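Residues per chain, in single letters:
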Amino acid sequence: MSSLNAQNPTLRRRRAAEARFRRYGAAALALTSLFLAFLIIDIVGKGWPAFVEHRVELPVTLDSRKLAEKNYDGLIKDAIFARFPEAQSRGQRKAVLALFSHSAEQALAAQLAEAPAAAGQTVKAEVLLSDTADLHLKGLSHLADPAAIDALTARLPVTAHFSWRFFSHGDSREAEEAGIRGALIGSLLTVAVALGLGLIFGVAAAIYLEEFAPKNRLTDIIEVNINNLAAVPSIIFGLLGLAVFLNAFGLPRSSPLVGGLVLSLLVLPTIIIAARAALKAVPPSIKEAALGVGASEHQAVFHHVLPLALPGILTGAILGMARAFGETAPLLMIGMVAFIADVPGSISDAATVLPVQIYLWSDLPELAFRSKTAAAIMVLIAVLFAANALAIYLRNRFERRW
Amino acid sequence: MNDASPPLMKPPLPRILADRPEKMAARGVNIHYGDKHAIKDLSITIPDRAVSAFIGPSGCGKSTFLRALNRMNDTIPSCRMTGAITLDGRNINDPDVDPVQLRSHVGMVFQKPNPFPKSIFENVAYGPRIHGLCASKAELEQRVEESLKKAGLFGEVKDRLHQPGTGLSGGQQQRLCIARAIAVNPEVILMDEPCSALDPIATARIEELIDELRQNFCIVIVTHSMQQAARVSQLTAFFHLGTLVEFGDTDKIFTAPTDQRTQDYITGRYG
Amino acid sequence: MVLLVCSAVAVATTLGILASVLFESFVFFREVPLLSFLFGTQWAPTGSPAAFGILPLLAGTILITVIALITATPLGLFSAIYLSEYATPTLRKSLKPVLELLAGIPTVVLGFFAALTVAPFIRQVGTGLGLDVASESALAAGLVMGMMIVPLISSLSDDIINAVPQSLRDGSLAMGATPSETVKRVVLPAALPGIASAIMLAISRAIGETMIVVMAAGLAANLSFNPLAAVSTITVQIATLLVGDQEFDSDKTLSAFALGLVLFFFTLALNIAALRLVRKYRQHYE
Ligand SMILES: Nc1ncnc2c1ncn2[C@@H]1O[C@H](COP(=O)(O)OP(=O)(O)OP(=O)(O)O)[C@@H](O)[C@H]1O
Ligand SMILES: [Mg+2]
């Protein structure tokens, strides 16, 4: 007689072990997801204040002498002190001036250049607050003199705005003025060079290996080589760039050209592997059909197989681009790590890239730079996210089942 | 209203069931894979200590029903079953029946030999170990040896018990799988086309083995070979499009089937 | 022909790496004896006199890699097991992108998180427990690096576990094994070579990772295996020695290339071994 009863102690123990094992699996996934969620929440929590800036509308009376001398600094200071008559000692004056950004004088100069005003007139200048005052108003730090802040908010209309400045300005020593424009353009140029070269060489190599290569020792070596190259640490590529591109070829340091060259080598294996997979997915019958109607081997591949593999290759290219866009370490080695306030105009100008900008800012002591760093990370991740979404879309849109 | 309902025509019970107790039974079983209705209102009684063969054209649901007998269908998410299947009168789908325990009573041998990538010894010791059936190492060794002997494999492998089971020939591997299944002392052994991947000599060995095993076990075998069904089984069930068309004593099914479809199938008219 | 030349770019890259690293290392080893490099217990490239003993860096690299693996192996492996053996298709479909997203986070971001969030947290907890925790502890860098590696281990293991034939699982389940017994006694032993190679690739990733350690592990090359102390790694030193202006004749600069040589050698060896292992494994189940 069989005993199909569940009340057996061994079985109960085994069932408990089963439940425990299953829980471990769920816990591992939960922990990993939680880490990601926490990372993102932490970054967003730190970064959002950088997208807001505080400004005041400061009435500036244009003193004729100072206007003639183009002493905009003096004009601004006079206007400020006019509002804070009680600040007489050096210390008090310093505390008041510390509330305003140094960019005010340039802003005034630009404003007057656009809409000239006569001496004696009073114009309204939009003056950015300094990082300490800004953080104080956001409740994030108390480095500014609270009495001065109270006086400021009582006497001048302080308004909060979305910080377009963050996207339209290059790097700056002053936290409130620093933006990511330079780094973004630098990234764009660098990735363009990397992707251009990576695609040309990568796709050519993939076509050769997949369609034409004879099976011999040489192609075997190339193949093993590509697989191993994919796992070489990125920092080693930086050493290569330093020794070969900078030292031996004498290409310009810190330039997107060299950065792009290095990154193109870095993403080459990714692109080759993706492109080969895309070519392999095109059924041989297509090539055979083309050959059958009299096309040459080259025509068959370039006119018939390649177009069909294009979406797959494109997906690989986007993923390679995402990899290049987020890469930091090798670029440190070729000098893209200097402080560069100017926005680069060409691929041979000194430039930095977004990840390196993040690295640089993360090292700075000012609290305001910490939120700028997190904000730059948000931009970086947003771009990568968009790229990946595009790749997934392309893959789904063009995925074909033969 | 005394409208006489037609007399319930019960098919005559197979002779074999008269002299052997019932081991497993199915009553009104329906099995669906998602929308696909794979088994339709099937009822059958399977006798103990005898070989029952399931035959029928491909895709008619033999494997599906066989897998229902030890609840292997539970591992397929889309698979749903209704109706009752009993083992010694106990419904195997009762909430308090654990499939893990059921499967130690109802073992299974697959179409393709699937020894674990472990030594021959470890393959056979697998079941006793997980079910905690042996208290000592000596007892375990004894049980492994016994099982291998019952499966008729011991003589061939006794010198290489600790070499990988995957290194055996196909027929030996299948007997190893049978030894593995009987090592936990099951009451029923289900075999899904156990010889279809084997050559005729290995097949003959397994058929012999099945004939010996029937002294101690209830055996259900799915086969595509009518000769095999005729050789090894005492009871044959013919499946067609998810229904059980006919079942009865093997000699009767093969000599005087009552259903036209059975007749057509065994004479090779289709399938 | 043009195509062949393009394919050769990959080979040329490897040769270029090898040539540049070897050449500068060669110059370096004319100044600094190889033995004192390999067995020196002091790393102070800017000190006077400068010391170029790699052991403290090796210790730091190993320490952080071990912490990362202790974090990542169970998480990655259990994630893969859960996804392939337990998760419903819908759950699988929604959890895989989470892992892919984590894999796509640039390491500079993880470094920022390690340095500004995890390290202070660990320090706070440690101080609360009366422990002496460095502000740039190996633990913080190792933990975050571990999380970086989780997707690598889980996706490789997932592939490998899925390559184990279903017939083996069925065989085990039909014997009355529970799913976890099936995983532990049949699936994992069968997948072991593949999982070993996944872990080797993960080690290679951890050794070569730069940004997380640059930002969170620090520069002090202490010869220590204390996870709460600050340690330095090979990659940190390469990065910091070469940031800024380099003169190619100083030992300081050249030593970075010697470190690069060591790094290249280790990661390449691990990689080749891992690929061999996985190829053998695949042949076994083809
Ligand atoms: N996992 C599954 N999911 C969906 N449908 C299935 C599944 N397994 C089997 N089926 C369907 O159920 C029906 C019965 O299949 P089953 O495997 O039981 O047939 P069979 O009689 O064993 O055939 P064969 O002799 O070829 O082994 C078939 O139509 C099959 O397509
Ligand atoms: Mg079948």
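These numbers come from a predicted model, not from an experiment.

Caption draft 1: Here's a closer look at the overall build of chain B. A tally of regular secondary structure across chain B gives 11 helices and 10 strands. Expected size for 271 residues packed as a compact globule is a radius of gyration near 18 Å; at 19 Å, chain B falls within 12% of this value. Classification of the 271 residues of chain B by burial places 56% in the buried group. Contacts in chain B between residues at least 24 apart in sequence constitute 67% of all its contacts with a sequence separation of at least 6.

Caption draft 2: Inspection of the packing of helix H3 (residues 72-83) of chain A against helix H5 (residues 104-114) of chain A at higher detail. All names here are of chain A. Between H3 and H5, whose axes approach to 8 Å, the crossing angle comes to 110 degrees. Here H3 lies roughly perpendicular to H5, going by the angle between them. Taking contact as the criterion, the partners of Tyr72, Asp73, Leu75 and Ile76 in H3 are, on H5, Ala104, Glu105, Leu108, Ala109 and Leu112. The residue inventory of the contact of H3 with H5, partitioned by class, reads seven nonpolar, no polar and two charged.

Caption draft 3: Expanded view of the site of ligand 1. Residues and elements named next belong to chain B. If you check the shell around ligand 1, you find 13 residues, and the closest are Ser58, Gly59, Ser63, Thr64 and His224. One of the backbone nitrogen or oxygen atoms of Gly59 is found 2.8 Å away from an oxygen atom of ligand 1. Side-chain polar atom of Ser63 to an oxygen atom of ligand 1: 2.6 Å apart, as the coordinates give it. Out of a free accessible area of 630 Å², ligand 1 has 65% covered by protein chains. Every element with two or more residues in the shell around ligand 1 is listed here: strand E2 (36-47) and helix H2 (62-69). Among the elements that line the shell around ligand 1, the one with the most residues is H2, at three residues.

Caption draft 4: Fine view of the packing of aromatic side chains. The full count for this structure, using the stated rule, is 26 aromatic pairs over all chains. Judged by centre distance (4.9 Å) and plane angle (45 degrees), the ring pair of Phe54(B) and Phe239(B) falls under tilted. Note that Phe54(B) is positioned in strand E3 (residues 51-55) and Phe239(B) in strand E9 (residues 235-240), a separation of 185 residues in sequence. Overall, Phe54(B) belongs to the buried group, its relative accessible area being 0%. A ring pair is formed by Trp43(C) and Phe52(C), whose centres lie 5.7 Å apart and whose planes are at 80 degrees; its orientation type is edge-to-face. Residues Trp43(C) and Phe52(C) agree in their burial class; the two are buried.

Caption draft 5: How the structure looks around the pairing of strand E6 (residues 106-109) of chain B. Residue and element names in this part refer to chain B. Along E6, one buried face is formed by Val106 and Met108 and the opposite face, lined by Gly107 and Val109, is buried too. Of the pairings in the sheet, the one linking E6 to strand E7 (residues 188-192) comprises four bridges and is parallel in character. Each bridged residue has a counterpart across the sheet, and for Val109 the counterpart in E7 is Met191.

Caption draft 6: Representation of the pattern of salt bridges within the structure. Residues and elements named next belong to chain A. In this structure the tally under the stated criterion is 34 salt bridges over all chains. Linking Arg55 and Glu126 is a salt bridge whose minimum nitrogen-to-oxygen distance equals 2.7 Å. A residue pair is termed long-range when its members are at least 10 positions apart, and Arg55 in strand E1 (residues 52-61) and Glu126 in strand E2 (residues 122-128) qualify at 71 residues. Here the residues in one salt-bridge network are Glu53, Arg55, Glu126 and Arg165, joined through shared partners.

Caption draft 7: The interface of chain A and chain C, seen in detail. On the chain C side, the residues contacting the 68 residues of chain A number 72 residues. When chain A packs against chain C, the two sides together hide about 6,300 Å² of surface, and 78% of this comes from carbon and sulfur. Counting the surface chain A buries against chain C, the share from its top three residues, Phe21(A), Leu29(A) and Phe35(A), is 11%. Our enumeration of links across chain A and chain C arrives at one salt bridge. One salt bridge connects Glu181(C) with Arg14(A), and the closest N-O pair in it is separated by 2.8 Å. Taken together, the connections running from chain A to chain C amount to nine residue pairs in polar contact (both at pLDDT 80 or more). Its residues assigned to classes, the side of chain A that touches chain C comprises 49 nonpolar, 11 polar and eight charged.

Caption draft 8: The arrangement of the sheet that holds E1(A) in detail. Residue and element names in this part refer to chain A. Pairing in this open sheet of three strands is antiparallel, and the strands run E2-E1-E3 from one edge to the other. Each of the sheet's edge strands pairs with one partner strand only, and the pair in question is E2 and strand E3 (158-162). When strand polarity is set aside, the average angle formed by the axes of neighbouring strands in this sheet is 35 degrees.

Caption draft 9: View of a positive patch on the surface. On the surface, Arg20(A), Arg23(A), Lys184(C) and Arg185(C) cluster together into a positively charged patch. For the positive patch, the secondary structure elements donating two or more residues are helix H1 (9-47) of chain A together with helix H8 (179-208) of chain C. Assignment of secondary structure puts Arg23(A) in helix H1.

Caption draft 10: Quick look at the nonpolar core. Residues Ile17(C), Met145(C), Ile149(C) and Ile238(C) are the most contacted members of the largest nonpolar core, which totals 184 residues. Counting residues per element, this core draws most heavily on helix H3 (residues 55-86) of chain C, which supplies 14 residues. Counting 43 residues, the second-largest nonpolar core is a separate cluster that includes Val109(B), Leu148(B), Val232(B) and Val245(B).

Caption draft 11: Focus on the interface of chain C and chain B. Listed as interface residues are 17 residues of chain C and, on the opposing side, 23 residues of chain B. Between chain C and chain B, the buried area comes to about 1,600 Å², and carbon and sulfur atoms account for 66% of it. Area buried by chain C at its contact with chain B is led by Ala174(C), Met175(C) and Arg185(C), which between them contribute 41% of it. Seen at the junction of chain C and chain B, the total is zero salt bridges. At the boundary of chain C and chain B, one finds four residue pairs in polar contact (both at pLDDT 80 or more).

Caption draft 12: Region of the structure containing the environment of Ile226(A). Locating Ile226(A) in the fold gives a position in helix H10 (residues 217-229). In this view, Ile226(A) contacts Leu209(A), Pro269(A), Ile272(A), Ile273(A) and Ala10(C); residues no more than four positions away in its chain are not counted.

Caption draft 13: Representation of the side chain of Thr45(B) in the model. Residues and elements named next belong to chain B. Tracing the backbone shows Thr45 in strand E2. For Thr45, a relative accessible area of 12% corresponds to the buried category. A polar contact is formed between the side chain of Thr45 and the side chain of Arg27, at a distance of 3.1 Å. The residues contacting Thr45, other than those within four sequence positions of it, are Leu17, Glu22, Met24, Ala25, Arg27 and Phe247.

Caption draft 14: A look at the environment of Ser154(C). Residues and elements named next belong to chain C. Examined against the element boundaries, Ser154 turns out to sit in helix H6 (residues 138-163). Through-space distance from the C-alpha of Ser154 to that of Arg185 is 19 Å; in sequence the pair is 31 residues apart. Residues within four places of Ser154 in sequence aside, it is in contact with Gly76, Ser79, Ala80 and Leu99.

Caption draft 15: Inspection of unusual backbone geometry at higher detail. Of note in this structure, Lys70(A) is not a glycine but carries a positive phi near 55 degrees. Here Lys70(A) falls in the exposed class, since its relative accessible area comes to 57%. The backbone of Asp41(B) shows a phi angle near 40 degrees, a positive value even though the residue is not glycine. Checked against the element boundaries, Asp41(B) lands in strand E2.

Caption draft 16: Geometry of the sheet that holds strand E4 (residues 79-87) of chain B. Residue and element names in this part refer to chain B. Spatially, E2-E1-E4-E5 is the arrangement adopted by the four strands of the open sheet, whose pairing is antiparallel. Strands at the two margins of the open sheet, each flanked by one partner only, are E2 and strand E5 (90-91). Taken together, the two bridges between E4 and E5 define a ladder with antiparallel strand orientation. Its bridge partner lying in E5, Thr86 is registered against Asn91.

Caption draft 17: Molecular detail of the side chain of Asn30(B). Residues and elements named next belong to chain B. On the secondary structure map, Asn30 appears in strand E1 (residues 22-33). On the accessibility criterion, Asn30 (17% relative accessible area) is buried. Within the structure, the side chain of Asn30 is placed 2.9 Å from the side chain of His37, a separation counted as a polar contact. Among residues more than four places away in sequence, those in contact with Asn30 are His37, Ile39, Lys40, Asp41, Arg80, Met81 and Thr82.

Caption draft 18: Up close: the packing of helix H13 (residues 284-292) of chain A against helix H14 (residues 297-326) of chain A. All names here are of chain A. Packing of H13 against H14 leaves a shortest axis separation of 9 Å and a crossing angle of 140 degrees. Classed by the angle they form, the pair H13 and H14 counts as oblique. Crossing handedness for the pair H13 and H14: right-handed. On H14, the residues touching Ile286, Lys287, Ala290 and Leu291 of H13 are Glu297, Ala300, Val301, His304, Val305 and Leu308. Grouping the constituent residues of the contact of H13 with H14 by class yields seven nonpolar, one polar and two charged.

About the criteria used
- Starting afresh in each chain, residues are numbered from 1 along the sequence in its written order.
- Think of it this way: whatever chain is written first is A, whatever ligand is written first is 1, and the rest follow in order.
- Confidence filtering applies because this is a predicted model: local features only for residues at pLDDT of at least 70, side-chain atom pairs given and counted only at 80 or more, and all residues used for totals across whole chains, interfaces and linings.
- By convention in this description, side-chain values take in all heavy atoms of the structure and omit both hydrogens and water.
- Helix and strand definitions here come from DSSP, where helices need a minimum of 4 consecutive H or I residues and strands a minimum of 2 consecutive E residues; each element is numbered from the N-terminal end.
- Put simply, the radius of gyration uses C-alpha atoms, and a globule should come to 2.2 Å times the residue count raised to 0.38.
- Only protein chains enter the accessibility calculation, which uses a 1.4 Å probe; a residue whose area is less than 20% of its type maximum is buried, one above 50% is exposed, and one in between is partly exposed.
- Only heavy atoms enter the contact rule, under which two residues are in contact if any of them lie within 4.5 Å.
- To obtain an axis, a line is fitted to C-alpha atoms, over the contacting stretch when the element is a helix, and the angle between two such axes runs from 0 to 180 degrees between their N-to-C directions.
- Just so you know how the angles are binned, under 35 degrees is roughly parallel, over 145 roughly antiparallel, 65 to 115 roughly perpendicular, and the rest oblique.
- Each residue receives one of three labels: charged for Asp, Glu, Lys and Arg, nonpolar for Ala, Val, Leu, Ile, Met, Phe, Trp, Tyr, Cys and Pro, and polar for the others, Gly being one of them.
- By convention in these notes, a residue is near a molecule or strand provided one of its non-hydrogen atoms lies within 4 Å of it.
- Pairing of N or O atoms within 3.5 Å defines a polar contact, subject to two protein rules: one partner must be a possible hydrogen donor and the other a possible acceptor, and residues neighboring in sequence count only if both atoms are side-chain atoms.
- Computed by Shrake-Rupley with a 1.4 Å probe, the accessible areas treat only the displayed protein chains as cover when residues are assessed.
- Paired rings are identified among Phe, Tyr and Trp, the last through its six-membered ring, by centres lying within 6.5 Å, and are further divided according to the angle between planes into stacked (under 30 degrees), edge-to-face (over 60) and tilted (the rest).
- Only when DSSP finds a minimum of two bridges between them are two strands counted as paired.
- Any carboxyl oxygen of Asp or Glu within 4 Å of a side-chain nitrogen of Lys or Arg constitutes a salt bridge here.
- In this description, buried area is defined as the sum, over both parts, of the accessible area (probe of 1.4 Å) that is lost when the two are combined.
- The patches reported here contain residues having more than 30% relative accessible area and no salt bridge. Joining distances are 9 Å for like charges and 5 Å for nonpolar side chains (Val, Leu, Ile, Met, Phe, Trp, Tyr).
- Neither His nor the chain termini are counted; the positive set is Lys and Arg, and the negative set is Asp and Glu.
- One atom stands in for each charge, and that atom is NZ of Lys, CZ of Arg, CG of Asp or CD of Glu.
- Buried Ala, Val, Leu, Ile, Met, Phe, Trp, Tyr and Cys residues form a nonpolar core when they are joined through side-chain atoms within 4.5 Å.
- In a left-handed crossing the near helix is turned counterclockwise from the far helix by less than a right angle, and in a right-handed crossing that turn is clockwise.

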